[in-house]
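Each chain, letter by letter, is given below.
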Amino acid sequence: MSMSFSAVDMEEESGVAAATAAEEIRRLPAEVNWEMLDKSRFFVLGAALFSGVSAALYPAIVVKTHLQVAPPPQGATATAASILRRDGLRGFYRGFGASLAGTVPARALYMAALEATKSSVGSAAVRLGASETAASAAASAAGGVSAAIAAQVVWTPVDVISQRLMVQTSSSCRYRGGVDAFKKILLADGVRGLYRGFGLSIITYAPSNAVWWASYAMAQRFIWRLVGVERSENYPSLMAVQGASAALAGSVSALVTMPLDTVKTRLQVMETEAAAAARPTLKSTLRGLLKEGGWAACYRGLGPRWGSMSLSAATMVTTYEFLKRLSAKKGSFD
């Protein structure tokens, strides 16, 4: 008799827990999905907003790239001071024009793939019986993977060109700009030269994006549970929670993917004027790094990259969520 009562009690408790979880999810801020967006406004506003964010964060990327490529170990502060002394403030924006020209179409591809995949996978997961939490995490992870793969088609050549421009100095100026770098790389190595590190970029960013978006979705729910879902109606609180969730996801992603990013950057920046047999490979690049400073060499530039990715994640996501609400069709929240 007591066992039957216990079973009933357990069923009632699980039912109450499920109802509470469903109520929490219902009270969370409404998600603006792909179907709710005015696409033309979304892409035009997105290009403007993300260009501004990219400009603000670009100097940290330049410092990180110098640290990853320069053989003698040097601190981030010393590297930044050296760039400032040698090239002035313009040294922190070498290659920015090429990067910005590619960032706009890359961001458009990224956002389109992300939102379209999240919307379709989320709906399919719910239809298959998954809980709202599980469906959201699965949709975010799938969206992150598809977005990373789509964007790398544009981002890899942009990275190769902009990073070559970043590390050159006034005294050793090989390229006169993005177009000149594009022509010379194409002439020396063909299309393959522009896509050097493409496979490694996919290996780095596809799982990283999956983890990032899934952890971002879960971090938001966790933080809302701590601060109280009722505060989600307050817009400053909403932005603060989204920013904190993004920064947490970004910092973890930076730490996990740092060795692959360092190897990728070396592969993309190293010149290939020598014979084809001497061209850098993944194995030779990794061996060279380990010879220079052991596994610690794979983490050169971690400080600037960690700071840049955390700040970038917080800024990008709050901008991104703000952009989606600005671009929502009239009546979407009715």
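Looking at an unreviewed UniProt entry, the protein chain carries the name Mitochondrial carrier protein, with the source organism given as Zizania palustris. Per UniProt, the protein chain carries the Sequence similarities (unreviewed entry) text "Belongs to the mitochondrial carrier (TC 2.A.29) family."

(A) Structural view of the overall build of the protein chain. Counting its secondary structure elements, the protein chain contains 10 helices and 0 strands. Pairs at least 24 residues apart make up 79% of the contacts formed inside the protein chain by residues separated by at least 6 positions. Surface accessibility of the protein chain: about 16,500 Å² in total, with carbon and sulfur atoms responsible for 67%.

(B) Fine view of helix α3 (residues 76-87). Between its first and last C-alpha, α3 extends 16 Å over 12 residues, near the 16 Å set by a 1.5 Å rise per residue. When we look at burial in α3, the residues that qualify are Thr79, Ser82, Ile83 and Asp87. Mapping the buried residues of α3 onto a view down its axis gives an arc of 100 degrees, with all of them on the same face. Exposed residues pointing more than 90 degrees away from the buried face of α3 are listed as Thr77 and Arg85. For α3, the elements touching its buried residues are α2 (39-69).

(C) Summary view of the environment of Gly122. Relative to the helices and strands, Gly122 resides in helix α4 (residues 96-127). Ignoring sequence-local partners within four residues, the contact set of Gly122 consists of Thr117, Ala135 and Ala139.

(D) Broad picture of helix α8 (residues 235-269). End to end, α8 covers just 43 Å across 35 residues, shorter than the expected 51 Å (1.5 Å per residue, more than 12% under). Approximately 60 degrees is the largest bend angle found in α8, and it occurs at Thr257, with the proline Pro259 only one to four residues beyond.

(E) The packing of α2 against α3, seen in detail. Between α2 and α3, whose axes approach to 10 Å, the crossing angle comes to 105 degrees. Classified by the angle their axes make, α2 and α3 are roughly perpendicular. Residues Val62, Val63, His66 and Leu67 of α2 pack against Ala76, Thr79, Ala80, Ile83 and Arg86 of α3. Tallied by class, residues from the contact of α2 with α3 come to 6 nonpolar, 2 polar and 1 charged.

(F) Structural detail: the nonpolar core. Grouped together as the largest cluster of nonpolar side chains are 23 residues, with contacts concentrated most on Tyr110, Trp212, Trp213, Tyr216 and Tyr320. Those elements giving two or more residues to this core turn out to be α2, α4, α5 (132-167), α7 (198-227), α8 and α10 (302-326). Counting 8 residues, the second largest nonpolar core, distinct from the first, contains Val62, Val63, Phe96 and Met166.

(G) Seen up close, the pattern of salt bridges. Summed over all chains, the structure comprises 11 salt bridges. Note that Asp87 and Arg86 form a salt bridge whose closest N and O atoms lie 3.3 Å from each other. Asp180 is paired through a salt bridge with Arg176; the nearest N and O atoms lie 3.7 Å apart. Arg176 sits in the exposed class, given a relative accessible area of 72%. When salt bridges that share partners are traced, they join Lys64, Asp159, Asp261, Lys264 and Arg305 into one network.

(H) Representation of the packing of aromatic side chains in the model. All chains considered together, the criterion is met by 6 aromatic pairs. Here Tyr110 and Trp155 contribute two aromatic rings whose centre-to-centre distance is 6.2 Å and whose plane-to-plane angle is 70 degrees, an arrangement assigned as edge-to-face. Separated by 45 residues along the polypeptide, Tyr110 in helix α4 and Trp155 in helix α5 bring together distant segments of the chain. In this structure, Tyr110 and Trp155 share a single accessibility class: buried. A network of ring pairs unites the aromatic residues Tyr58, Tyr93 and Phe96 as a single cluster.

(I) Inspection of the packing of α5 against α7 at higher detail. For the pair α5 and α7, interaxial distance at closest approach is 7 Å and the crossing angle is 150 degrees. Viewed along their axes, α5 and α7 adopt a mutual orientation that is roughly antiparallel. Handedness of the α5/α7 crossing: right-handed. The class makeup of the residues in the contact of α5 with α7 is 14 nonpolar, 8 polar and 2 charged.

Rules of the game
Residues numbered from 1 in each chain as written. Predicted model: local features only at pLDDT ≥ 70, side-chain atom pairs only at ≥ 80, totals over all residues. Heavy atoms only, no water. UniProt positions renumbered as here; feature names shortened; annotations may be inferred. Helix = DSSP H or I, 4+ residues; strand = E, 2+ residues; numbered from the N terminus. Contact = heavy atoms within 4.5 Å. Areas by Shrake-Rupley, 256 points an atom, 1.4 Å probe, with all protein chains shown as cover. Expected span 1.5 Å × (residues − 1). Buried < 20%, exposed > 50% of the residue type's maximum accessible area, 1.4 Å probe, protein only. Arc of directions from axis to C-beta. Bend = angle between axes of the 7 residues up to and from the residue. Axes fitted to C-alpha atoms, helices over the stretch in contact; angles between N-to-C directions. Parallel < 35°, antiparallel > 145°, perpendicular 65-115°, else oblique. Nonpolar A, V, L, I, M, F, W, Y, C, P; charged D, E, K, R; others polar. Core = buried A, V, L, I, M, F, W, Y, C linked by side-chain atoms within 4.5 Å. Salt bridge = Lys/Arg side-chain N within 4 Å of Asp/Glu carboxyl O. Phe/Tyr/Trp six-rings, centres within 6.5 Å; stacked < 30°, edge-to-face > 60°. Left-handed = near helix turned anticlockwise from the far one by under 90°.

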